[in-house]
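# Observations on the three-dimensional arrangement
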Amino acid sequence: MEMKKVDPNELNLLSMNVILHAGNARDFVFQAVNKAADGEFEQADNLMQEANNEVVIAHKTQTSTLQKEAEGVEIPYSPLFGHAQDTLMTVKTEINLMKEIIKIYKKLKG
């Protein structure tokens, strides 16, 4: 019996969706920090929530791909998918760091 495989075009599309939503999250995070620097904390918090929403979408897309592999579907090697995963993990780290920076701004300007 031949193992099921993920279509490379489908994997490319999934990868680009992860990159797109992770990139959107990054944009929201840096907008949020700029708002916090200006003392606009409600806007900063709203932008951080938008960033989180985008990361959730990207993460669900990545996870659905990994779940296929756990179910026995072969995932071909893809530098693009690797890049998408790296981008998502980097953005998640940036979100965590920027949360702390926003806390500092709140203390300084509070």
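Residues numbered from 1 in each chain as written. Predicted model: local features only at pLDDT ≥ 70, side-chain atom pairs only at ≥ 80, totals over all residues. Heavy atoms only, no water.

End to end, helix α3 (residues 79-109) covers 44 Å across 31 residues, agreeing with the expected 45 Å (1.5 Å per residue, within 8%). At its buried positions, α3 is contacted by α1 (8-37) and α2 (41-70). (Helix = DSSP H or I, 4+ residues; strand = E, 2+ residues; numbered from the N terminus. Expected span 1.5 Å × (residues − 1). Contact = heavy atoms within 4.5 Å.)

Here the focus is the packing of α1 against α2. At their nearest, the axes of α1 and α2 sit 8 Å apart, and the two run at 165° to each other. One way to sum up the angle between α1 and α2 is to call them roughly antiparallel. Every pair of crossing elements has a handedness; the one defined by α1 and α2 is left-handed. Class assignment of the residues belonging to the contact of α1 with α2 gives a composition of 17 nonpolar, 8 polar and 5 charged. (Axes fitted to C-alpha atoms, helices over the stretch in contact; angles between N-to-C directions. Parallel < 35°, antiparallel > 145°, perpendicular 65-115°, else oblique. Left-handed = near helix turned anticlockwise from the far one by under 90°. Nonpolar A, V, L, I, M, F, W, Y, C, P; charged D, E, K, R; others polar.)

With that out of the way, let us pick up the packing of α2 against α3. Axis separation between α2 and α3 bottoms out at 10 Å; the angle between their running directions is 160°. In terms of their interaxial angle, α2 and α3 are classed as roughly antiparallel. At the point where α2 passes α3, the crossing takes the left-handed sense. Class assignment of the residues belonging to the contact of α2 with α3 gives a composition of 14 nonpolar, 4 polar and 5 charged.

Checked against the element boundaries, His21 lands in helix α1. Residue classification places His21 among the buried positions, given a relative accessible area of 16%. With residues up to four places along the chain from it excluded, the contact list for His21 reads Glu54, Ile57 and Ala58. (Buried < 20%, exposed > 50% of the residue type's maximum accessible area, 1.4 Å probe, protein only.)

One pass over the full model with this rule turns up 5 salt bridges. Notably, a salt bridge pairs Arg26 with Glu94, separated by 2.8 Å at the nearest N-O pair. With Arg26 in helix α1 and Glu94 in helix α3, this residue pair connects regions lying 68 residues apart in the sequence. Classification of Arg26 as partly exposed rests on a relative accessible area of 28%. With a relative accessible area of 19%, Glu94 lands in the buried category. When the shortest N-O distance is used, the salt bridge between Glu40 and Lys35 registers 3.4 Å. (Salt bridge = Lys/Arg side-chain N within 4 Å of Asp/Glu carboxyl O.)

What follows is about the environment of Asn24. Mapped onto the secondary structure, Asn24 falls in helix α1. Along the backbone, Asn24 and Val55 are 31 residues apart, and their C-alpha atoms lie at a distance of 8.4 Å.

Within the largest apolar cluster, 21 residues are counted, with the highest numbers of intra-cluster contacts made by Met48 and Ile95. Among the secondary structure elements, those contributing two or more residues to this core are α1, α2 and α3. In terms of residue count, the dominant contributor to this core is α1 (8 residues). Beyond its immediate stretch of four places on either side in the chain, Met48 contacts Val29, Ala32, Ile95, Met98, Lys99 and Ile102. In terms of nonpolar packing, the next biggest core, distinct from the first, is built from 5 residues, Val6, Leu11, Val73 and Phe81 among them. (Core = buried A, V, L, I, M, F, W, Y, C linked by side-chain atoms within 4.5 Å.)

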